[in-house]
Amino acid sequence: MKVNLNVKRFDPESDGSTRFQQYDIDMPENSTVLDALIHVREYVDATLALRCSCRSAICGSCAMRVDHRARLACKTKVTDIVSDEGQEITIEPMGNMPVIKDLITDMEVHWSKVRQVVPYLRPTGPPPEREYIVSNEAMLDVAGAVNCIQCGACVSDCPVLEIDKSFIAPAALAKAYRFTGDPRDGTKKERLEMLSNVEGGIWDCTRCNMCVEVCPKDVRPMDRIMQLREQAVAAGVKTNTGVRHGTSFANSVRRLGRLDEMRLFPESVGMFAVPRLLKELPGAFRMLWSKRLMMWTHAIPFAHKPIPGIKHVRRIYDQARSEKKEHSK
Amino acid sequence: MATFQHDVLIIGAGLAGMRAALAAQGEGADIGVISKVHPVRSHSNAAQGGINAALEATDSWEEHAFDTIKGSDYLADQDSVEVLCKEAGAELIALENMGVIFNRDDQGKLGTRRFGGAKKARTYFVGDITGQAILHVMYEQMTKAQESGESQMKVYEEWFVTSLISDGERCLGATVLDMRTGEIHTVLAKGTILATGGFGRVYEPSTNALICTGDGMSMAWRIGAPLMDMEMVQHHPTTLKGSGVLITEGARGEGAYLLNSDGDRFMKTYAPNAMELASRDVVSRAEQTEINEGRGIDGCVLLDMRHLDEKLIHERLWQIRELGIDLAGVDVIKEPIPIQPGCHYAMGGIKTNILGETPVPGLYAAGEVACVSVHGGNRLGANSLLDTVIFGRRAGVAAAEAGREIDMPIAPDSTIEGEQQKLQALLDRPANDEKIARIRWDLGISMDKNVAVFRSAEGLDEQQEEIKKLKARYETVPIEDKGKVFNTDLIFGLELGYLLDCAEAIVLGAITRTESRGAQYRVDFPERNDAEWLKHILLTYSPEGIRLDYQPVTITQWEPKERTY
Amino acid sequence: MKYAFWPGCVSKGACPELYDSMILTSAKLGIELEEMYDGNCTGAGVISEHEPELADVLNARNFAIAQKMGLDLVNICSTCQGVQSMVQEKLDRDEEHRAKINAQLAEEGLEYKPGLVIKNFMWVLVEDYGLDKLKEKVVRQLDGLRCGPFYGCYILRPSRILGMEEHPERDNYLEQIIEAVGATAVDYEGKDKCCGFPILTNNRKNSLTQAGTHIASAKDQGADCLVTPCPLCHLNLDAQQPSAAEVIQRELGVPIIHLPQLLGLAIGIDPKLLRMNRHVVGTQAVLDKVLATVEA
């Protein structure tokens, strides 16, 4: 099978510029992108630098951008990317991190964030005589996060991290869930408060699903972040706008059966957060004016008409919430 | 170019290395840890199935020890096995307390699965990612230890060790290449612990990661530490065709069948009681026999999990299901997966005692790089993770304790210069058509042909000749990359040198041992011969040639018996 | 061609121009819509954050309503699509869960049975209606109009639940539609990234930096406008655009067009009826180009 790689090269010992280099090689059917890159390095161009080791998606070394998306090269077949033989495959280093050489990045960006979430179990109380007694369900629940191999693919492609370097980013947050979800850890609330209130914490995730999409190990980091938010709310961590936003949203749907976007904002920011609200006023007026929206419907509560089946929606709410209460007892 | 000093230097940051570091820190030592990859990239990750310990009231350390010794085909030193099995329970609990999310039973206590060669279910596990789960927890503990500041612990990531420093008697530390800058440094230490893992890449295919190149064995050998039982190379019964990627024994532990081309569970012929859960050497030979006698399918037999509960596969074997889909295009829930025996593990290695000390003062070894010997002729599944943590801890403690009595060594001024010249000479070699990768490939393929599951005098002699030729080719192979930053070409060149040393020792061991025991099966000597060969083979390097020594196996309470499953 | 039409909250609230243009455009294309007046909000992923079980029941209720109507469900919102697909995947896979959810619907006489077809209008156009048929309806070739596609996260990710295996080109439909009506699809960095809307209240700076960055990158590639199938993206990209411009300190002024508006223009509907004048960022530059084409 003809394979045509277009590899982004960077040699820190030359003039510091990047360039793309083409490698046209022959590979067996079923080859992975890593097989192809190793072939290049071994037989075509020994100066090509990349990290790789296990070849089976366990060690996490070979994350890189293949066809503009972070993937493990060892888990990506050439035919996953191209449908026609010889079609070009673009290979680049991961994003959101400095490049050291060719496809090798400096992952300290990631590891510093891992350290930020206090990445080790902190039991409180006297140690047990033998093992901690915990349910298998609890262990399986955090197993999804433990499955993370710290390859950095989600860090590479996280759009929030792109614009805000303080964001703890998906992998480290998934790691955080591995501890808040572990019944053996005695510092759950402390962790959740930190994760809620710190700059770049759990409420800064935009829920864009990019990390879920690129994760090669089905860790679904964003889902872990959502679990962290749920835990934070349940633990009574209430200081954050994000918590109020969720409450306001849900209440709106309970009241009307649908969302009232115009009330969402003041309720999320906090009705008494006057300076912030004033800052938003021009934007709100701009929209109301240009869209010719009826201002009074938004100014007066309950002016929006509920949907016909609102009583059923409210019943569903009350049922779900009473069950949840029951469950948490 | 700089010189660093530590009480204890640990080379390799897999499970054995990190466990050693934590133990040495517990003793108050100042520690340096060097690894050619980030610690969580280490090959301990690849251990899928579990870790053994006799914890249940219905089990005992003696039974675990007996299974281990029988599995070793009575080549294991029984005093070492006793340590391994007696300390297993406490170590397992320590791992759980550190945060490993071991599988639980209905009462929330640790739950087990069955594994090959064991009479009792004593394998504790995290799905089929046990090694990864433990490795990452160990790294968490390293992070915690570094933050605690109890004693200095410095981790040098992506540093490649080029040589051990010796004054002709003691090991004084190591010379290293900082892969990121290309600079050479020396790290001096009162005690140096090798935890560099195995040499699996000597073979092609192999379950081992590309980094498993026998670095520690070769470097220790070069300063006079003896290698022991190097011929004992485990071939795992279930590896994927082509790539050699591992499919856990846990699959059979959970009830998977092995089928030949007739759809028969052929293990009934070879191990009527244990069936698929006989020890690995037995199962691998059975598979190879089926394949050789024409009952294979394209060089493979089949591993069948279709009868297992789908939920069980999702909860306990999720990773191999993914590997099957990604690398073989087979969903094990729906189809049997073709597998074959493949190179997996080195039972042999640097000779150590139960403290991790090698015969070279100041040099310690633990984990796969070492031969203590708890695995003898054949390692039981789920005993390797146990080996790393038990003997990693012991080596860490021993090196830290010994360090209290010793002054910091001084290396001769010429050390760095000599190493630089050696590497520069490699870089300056004239260009030719030879490729490092081609020599490595030829080595792997020929080892797989001549020194795998079945061995013969002819094949081994042929391989010995082949290695001579490969070594000659290696003397002139050029390093094409001349750069300093991440010159991986240079690294591969150095690794190939390590691999060739290991291969030479493996073949010499296999030629010497004229019997069949454990992983060493000689078609020309098909019987185990306790009268002559109940002993270890030690190979010691010197510039004049390799010296052969023997050492009797330590027997405590289990007299060798016939081995059936 | 008839569908149960789920308009979503925003098209009936802050983006009435989307609702109006959808009604007119589909009618002219010959796509019949029966609106689900009694449908409820999907929760936009926000409710599921805190009360996942509740979100499942709310969505199952909508599905059951569509099934009672005996029609496939069409939505006009990337976010609705994502949430609906996510919940549907869970309900279809897990029988036990489904039974539990259905028990709560029973009181209203509703039941969800697996297999409902749920499609965003963009998917309907390519897969059910067909681009060739669409091309036949075009009376104003939008030649010369350069459109940057902006998908919205939930119609792209996670691809596993969005039918991408069966329809691998779903991440390219917007470009295909833009080209089908004669316009040019502009490739730019941010087309499949997040608009920032979900964190507008929580982290205004990040939210608007995202919106602003994507608009700017499209503008740099020569886009006259962005086209989106997601009204939530529209809120951040259009209504917040002047604020986003301030945050990233760049002039923007790039009109943001709803997908049905683009189609409406191409098939000859009066821009006023499409409410092209009800945008925060004025659309006159787009109309000038389009109307110039007509006159030529």
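Residues numbered from 1 in each chain as written. Chains lettered and ligands numbered in written order. Predicted model: local features only at pLDDT ≥ 70, side-chain atom pairs only at ≥ 80, totals over all residues. Heavy atoms only, no water.

On a plain count of helices and strands, chain B comes out with 16 helices and 19 strands. A compact globule built from 565 residues would reach a C-alpha radius of gyration of about 24 Å, and chain B, at 22 Å, matches this within 12%. Here the C-alpha coordinates of chain B stretch approximately 65 × 55 × 50 Å along the principal axes. Split into buried and exposed, the 565 residues of chain B put 67% on the buried side. If the 57 positive side-chain charges of chain B are averaged to one point and the 84 negative ones to another, these points end up 2 Å apart. (Helix = DSSP H or I, 4+ residues; strand = E, 2+ residues; numbered from the N terminus. Rg over C-alpha atoms; globule rule 2.2 N^0.38 Å. Buried < 20%, exposed > 50% of the residue type's maximum accessible area, 1.4 Å probe, protein only. Lys, Arg positive; Asp, Glu negative; His and termini not counted. Charge placed at Lys NZ, Arg CZ, Asp CG, Glu CD.)

In this section: the domain arrangement of chain C. Residue and element names in this part refer to chain C. Here chain C is described as being made up of domain 1 (2-120) and domain 2 (130-290). For domain 1 and domain 2, the distance between their C-alpha centres works out to 23 Å. At the interface, 23 residues of domain 1 touch 30 residues of domain 2. Across the domain 1/domain 2 interface, buried area totals approximately 2,300 Å², and carbon plus sulfur atoms make up 71% of it. By the criterion of area lost to domain 2, the three top residues of domain 1 are Glu17, Leu29 and Ser78, representing 25% of everything that side buries. Between the two partners, domain 1 and domain 2, sit two salt bridges. Between glutamate 89 and arginine 160 there is a salt bridge; the shortest N-O distance is 3.9 Å. (Domains from an automatic or database assignment. Contact = heavy atoms within 4.5 Å. Buried area = accessible area lost by both parts, 1.4 Å probe. Salt bridge = Lys/Arg side-chain N within 4 Å of Asp/Glu carboxyl O.)

A few words now on the state of the cysteines. All names here are of chain A. The final tally for this structure, using the stated rule, is zero disulfides over all chains. Looking at cysteine 154, it has no disulfide partner, and the nearest cysteine sulfur is the one in cysteine 211, 6.1 Å off. Residue class for cysteine 154 comes out buried when judged on its relative accessible area of 9%. (Disulfide = S-S within 2.5 Å.)

What follows is about the packing of aromatic side chains. Describing an aromatic ring pair means giving the distance of the ring centres and the angle of the ring planes. A complete count under the given rule lists twelve aromatic pairs over all chains for this structure. A ring pair is formed by tryptophan 111 of chain A and tyrosine 139 of chain B, whose centres lie 5.5 Å apart and whose planes are at 70°; its orientation type is edge-to-face. Note that tryptophan 111 of chain A is positioned in helix α3 (residues 108-116) and tyrosine 139 of chain B in helix α4 (residues 130-148), a pairing that runs across two chains. What makes tryptophan 111 of chain A buried here is its relative accessible area of 7%. The exposure class of tyrosine 139 of chain B is buried, given its relative accessible area of 14%. Members of the aromatic cluster, connected to one another through ring pairs, are Phe4, Tyr156 and Trp159 of chain B. Directly above the ring of tryptophan 533 of chain B sits lysine 535 of chain B, whose terminal nitrogen or CZ lies 5.0 Å from the centroid. (Phe/Tyr/Trp six-rings, centres within 6.5 Å; stacked < 30°, edge-to-face > 60°. Lys NZ or Arg CZ within 6 Å of the ring centre and 35° of its normal.)

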